[in-house]
Amino acid sequence: MLKEFKDFAFKGNMVDLAVGVIIGGAFGKVITSIVNDVIMPPIGLLLGRVNFNELFISLNGKHYDTLAEAAADKGAPVLKYGAFISTFLDFLIVAAVIFIVVKQLSKFRKKEEPKEKAPATKACPHCLSDIPAQATRCKFCTSELASGPSVSGSIQ
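Here is a short report on the structure shown in this document.

How each quantity is defined
Residues numbered from 1 in each chain as written. Predicted model: local features only at pLDDT ≥ 70, side-chain atom pairs only at ≥ 80, totals over all residues. Heavy atoms only, no water. Helix = DSSP H or I, 4+ residues; strand = E, 2+ residues; numbered from the N terminus. Polar contact = N/O pair within 3.5 Å; in protein donor to acceptor, adjacent residues only side chain to side chain. Contact = heavy atoms within 4.5 Å. Salt bridge = Lys/Arg side-chain N within 4 Å of Asp/Glu carboxyl O. Buried < 20%, exposed > 50% of the residue type's maximum accessible area, 1.4 Å probe, protein only.

1. A few points about the side chain of Ser58
Its place among the elements puts Ser58 in strand β1 (residues 57-58). Side-chain polar atoms of Ser58 contact the side chain of Asn60, separated by 2.7 Å. A distance of 3.0 Å separates a polar side-chain atom of Ser58 from the backbone oxygen of Lys62. Here Ser58 is in contact with Tyr64, Pro77 and Val78, once residues within four sequence places are set aside.

2. Let's talk about the pattern of salt bridges
Within this structure, the stated rule accounts for two salt bridges. Note that Lys62 and Asp73 form a salt bridge whose closest N and O atoms lie 3.4 Å from each other. Taken together, the residues Lys62 in the loop between β1 and α3 (67-72) and Asp73 in the loop between α3 and β2 (78-79) connect sequence positions 11 residues apart. On the basis of relative accessible area, Lys62 is assigned to the partly exposed category, the value being 48%. Residue Asp73 is classed as partly exposed on the basis of its relative accessible area, which comes to 27%. The partner of Arg137 in a salt bridge is Glu144, and the shortest N-O contact between them spans 3.2 Å.

Okay, structure coming up:
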């Protein structure tokens, strides 16, 4: 199942991608709320009361206690890795939901029945040997045959 999920998430075909865009757009805000309001607070609490959206690294060498302080300093350049973690978790949840929905939908799709192929062989009416269906002469008894396929095993 993990391999199928990886194949879907990174390769996928057009129908899978279309369904992913539709479902991702429809549930994007809900998933973001679940991640930011339900999943990340307990994880932050377990890690020592960390707010993931406030995790950042200042790139200009100055120290800022909060992200708001960095933004107030004329938009100091910061690397917001906490926001990235939340966004990446959003992506994983959306991709997993889309994968499950597409997998369930594919179970309901009608499978095409294979078309019946013309028999590859026919029986020689003289010696009853199996010969190619398009043969006009038997390779075993050399009798001349009517051209065209007939049902395998039947006598003409």
